[in-house]
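Single-letter residue listing:
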Amino acid sequence: MPYRPPAWAQDVLLALFVTVMQVQGTVSRTHGDPESVQRPLTDLGNLGYLLLIAGGAVVAVRRHRPVAVFAMAALSSLIYYALDFPDGPGWLGLFVALYTVTALGDGRRSLLIAGTGIAVLAPAWLIAAADIEPQAAIGWVFFRIGASVMSAALGESVRTRKVIAAEAVERAELAERTREREARARVDEERLRIAREVHDTVAHAIAVINVQAGVTAHVLARGGVSGAAADGSVAGAGGGGSPDGGPPPDPARQALEIIEQTSSRALREMRTILGVLHGAEDGRAPHPGLGEIGELTTAARAAGLDVDLRAPSPPPAVPTAVGSAAYRIVQESITNVIRHAGPTRVTVAVDCDADAVRIRVTDDGPREEHAGGPDPGEPGRGISGMRERCRLLGGDLDARPAGGGFAVTARLPLAPAGAVDA
């Protein structure tokens, strides 16, 4: 990259060049015809030379004091031509000062200063040139006026282009920051969604496994149940054998099978959820929806709940996001019942119309043997997660104690604003 001197050095070199050009150019122009000069530069104590030098040297500080530099250059020009010193390139410093005022100014104010200065200089130059000889030389006066206007206009053009470029850079930076914020927001939203999915899947599976593990431990603690069941000694008065007339199934084996099925299903759902992080579509199971609520209630019955499912069959086609949210809300509600109320009666009602899917999950509360458990209305992450799912889809959720138990009511619009079918 070529060397570029600092700004102050550039201005000093420019001032030196302008000063030499003003002095040397004026001297060279009058040297061949001294008779046409009304007042020599050496008159009044070399005042002509001093004015030419001052009008050029002041350019050295043009970036720091542009208005003061313009005022000094304009005053030097007024005095110079009012005293009838010889014409020449003594206006170079003035043109540079005019350009600097508008180029480094703020637009309106700098243009007002430049316009006022030109409005004062133009008639003063014309009055000073009233008795100029030859009369054709007055053309240089109009040249100075026109060049002054062009210098101010050129400076304003440069300033405007810089402003436009700076605004474009600022807009680009703002757009980049906005894109970064949107990307971070999408990442955070996806993390929250995955966290909710993991919470719902794991919490439900662990709750069912916990219940079945307790059953297994209880059966094994009693001992000999399986053998007694094998010889029919456990058959109840109502014929509690298996439907085909054989011995009743082993409770411990049943509980272990439920644990195996529940954990396998939880693992499959976990793989589906976490597979989103890899972005691969390798045949994973789709997101659960309304069609899988029946399987969910079947698993809940195996966990000891008396579930009454009231849902349309076959389930209607709804957006994937709505169906998945409905499934998770029912899943979390059943999980809370298992965790806080234990074996009890649960009613799951799913109603679909043209506008929304409505869900209501109610339970009768803990039975006598579970009456000492935690308050079923105790808030937790499960309820806040369900409420957040509804909010993201433009719906609403209400969860409160009802009739000794607990009731969860949710409404999920079929066409929520801003929802994405995932």
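Relevant structure appears above.
Residues numbered from 1 in each chain as written. Predicted model: local features only at pLDDT ≥ 70, side-chain atom pairs only at ≥ 80, totals over all residues. Heavy atoms only, no water.

### Some points on the packing of aromatic side chains
Part 1 of the argument: Under the counting rule described, the total for this entry stands at six aromatic pairs.
Part 2 of the argument: An angle of 80° between the planes, with centres 5.2 Å apart, marks the rings of Tyr80 and Tyr81 as edge-to-face.
Part 3 of the argument: For Tyr81, a relative accessible area of 7% corresponds to the buried category.
Part 4 of the argument: Summarising the aromatic geometry, the rings of Tyr81 and Trp125 are spaced 6.5 Å apart at their centres and angled 80° between planes, so their arrangement reads as edge-to-face. Of this pair, Tyr81 sits in helix H3 (residues 66-82) while Trp125 is found in helix H5 (residues 108-128), placing the two residues 44 residues apart along the sequence. Considered together, Tyr81 and Trp125 belong to a single accessibility category, that of buried residues.
Part 5 of the argument: Here Arg144 stacks its cationic end above the ring of Tyr81, 3.8 Å away from the centre of that ring.
Part 6 of the argument: Seen from the ring of Trp125, Arg144 lies directly overhead, with NZ or CZ sitting 5.0 Å from the centre. (Phe/Tyr/Trp six-rings, centres within 6.5 Å; stacked < 30°, edge-to-face > 60°. Buried < 20%, exposed > 50% of the residue type's maximum accessible area, 1.4 Å probe, protein only. Helix = DSSP H or I, 4+ residues; strand = E, 2+ residues; numbered from the N terminus. Lys NZ or Arg CZ within 6 Å of the ring centre and 35° of its normal.)

### Brief notes about the pairing of strand E3 (residues 356-363)
Each regular strand displays side chains that alternate between the two surfaces of the sheet.
Part 1 of the argument: Bridging between strand E2 (residues 345-352) and E3 involves seven bridges; their strand directions are antiparallel. The residue bridging Asp351 from the neighbouring strand is Arg358, located in E3.
Part 2 of the argument: Looking at chain direction, E3 and strand E5 (residues 405-413) are connected through seven bridges and run antiparallel. Each bridged residue has a counterpart across the sheet, and for Thr362 the counterpart in E5 is Ala407. (Pairing = 2+ DSSP bridges.)

### What to know about the side chain of Thr335
Part 1 of the argument: The topology assignment puts Thr335 in helix H10 (residues 320-340).
Part 2 of the argument: Here Gln331 takes part through its backbone oxygen, which lies 2.8 Å from a polar atom of the side chain of Thr335. (Polar contact = N/O pair within 3.5 Å; in protein donor to acceptor, adjacent residues only side chain to side chain.)

### Observations regarding empty space enclosed by the protein
Part 1 of the argument: On inspection of all chains with the given rule, the structure shows two cavities of 30 Å³ or more.
Part 2 of the argument: Of the volumes computed, that of the largest cavity is approximately 100 Å³.
Part 3 of the argument: What lines the largest cavity is simply Gln22, Leu51, Leu52, Gly55, Ala73, Ser76, Ser77, Tyr80, Tyr81, Gly90, Gly93 and Leu94.
Part 4 of the argument: Elements with a minimum of two residues in the lining of the largest cavity: helix H2 (43-57), H3 and helix H4 (92-103).
Part 5 of the argument: At five residues, the largest contribution of residues to the lining of the largest cavity is made by H3.
Part 6 of the argument: Taken together, the residues of the lining of the largest cavity sort by class into six nonpolar, six polar and no charged. (1 Å grid on protein atoms, 1.4 Å probe; cavity = no way out; pocket = protein on both sides within 12 Å on 5 of 7 lines; lining within 4 Å. Points joined across faces, edges and corners; volume = space filled by probe spheres on them. Nonpolar A, V, L, I, M, F, W, Y, C, P; charged D, E, K, R; others polar.)

### Things to note about the nonpolar core
Part 1 of the argument: The biggest cluster of nonpolar side chains holds 36 residues, and the ones touching the most others in it are Leu305, Ile329, Val330, Ile359, Leu397 and Leu412.
Part 2 of the argument: Listing elements by their share of this core, those giving two or more residues are helix H9 (293-302), H10, E2, E3, helix H11 (381-392), strand E4 (396-402) and E5.
Part 3 of the argument: Tallying contributions element by element places H10 first for this core, with 10 residues.
Part 4 of the argument: Those residues in contact with Val330, other than ones at most four positions away along the chain, are Ile293, Leu296, Val348, Ile359 and Val361.
Part 5 of the argument: Counting 31 residues, the second-largest nonpolar core is a separate cluster that includes Val69, Tyr80, Leu94 and Val141. (Core = buried A, V, L, I, M, F, W, Y, C linked by side-chain atoms within 4.5 Å. Contact = heavy atoms within 4.5 Å.)

### Observations concerning the sheet that holds E5
Part 1 of the argument: Read from one edge to the other, the open sheet built from five strands follows the order E1-E2-E3-E5-E4, with strand pairing classed as mixed. For this open sheet the edge positions go to strand E1 (306-310) and E4, each flanked by a neighbour on one side alone. For this sheet, the mean inter-axis angle between neighbouring strands, taken without regard to orientation, is 10°.
Part 2 of the argument: In terms of strand pairing, E1 meets E2 through five bridges, oriented parallel. Note on E2: the bridge partner recorded for Asp308 is Thr347. (Axes fitted to C-alpha atoms, helices over the stretch in contact; angles between N-to-C directions.)

### Topic: the packing of H3 against H4
Part 1 of the argument: Relative orientation of the contacting elements H3 and H4 amounts to 150°, with a least axis distance of 9 Å. Comparing their axes, H4 and H3 come out roughly antiparallel. In this structure, H3 meets H4 at a crossing whose hand is left-handed. The segment H3 lies against H4, with Pro66, Val67, Val69, Phe70, Ala73, Ala74 and Ser77 engaging Gly93, Leu94, Ala97, Leu98, Thr100 and Val101. (Parallel < 35°, antiparallel > 145°, perpendicular 65-115°, else oblique. Left-handed = near helix turned anticlockwise from the far one by under 90°.)

### Some thoughts on unusual backbone geometry
Part 1 of the argument: Geometrically, the link from Ser313 to Pro314 is a cis peptide bond, its omega value of -5° lying close to zero.
Part 2 of the argument: With respect to the helices and strands, Pro314 occurs in the loop between E1 and H10.
Part 3 of the argument: Of note, Asp84 is a non-glycine position whose phi angle comes to about 60°, a positive value.

### Quick notes on the environment of Ile359
Part 1 of the argument: Turning to its location among the elements, Ile359 is positioned in strand E3.
Part 2 of the argument: Linking Ile359 and Val348, residues 11 residues apart in sequence, is a C-alpha distance of 7.5 Å.
Part 3 of the argument: Those residues in contact with Ile359 that sit more than four places away from it in its chain are Ala326, Val330, Ala349, Val408, Thr409, Ala410 and Leu412.

### Considerations on the packing of H2 against H3
Part 1 of the argument: Relative to each other, H2 and H3 sit at 155°, their axes nearing to 9 Å. Judged by the angle between their axes, H2 and H3 are roughly antiparallel. Crossing hand, H2 versus H3: left-handed. Every residue of H3 that contacts H2 at Gly48, Leu51, Leu52, Ala54 and Gly55 is listed here: Met72, Ala73, Ser76, Ile79 and Tyr80.
Part 2 of the argument: Of the residues assigned to the contact of H2 with H3, the class counts are seven nonpolar, three polar and no charged.

### What about H2?
Part 1 of the argument: Between its first and last C-alpha atoms H2 spans 21 Å; for 15 residues at 1.5 Å apiece the expected length is 21 Å, and the two agree.
Part 2 of the argument: All of the buried residues in H2 are Gly48, Leu51, Leu52, Gly55 and Gly56.
Part 3 of the argument: On its buried side, H2 packs onto helix H1 (7-31), H3 and H4. (Expected span 1.5 Å × (residues − 1).)

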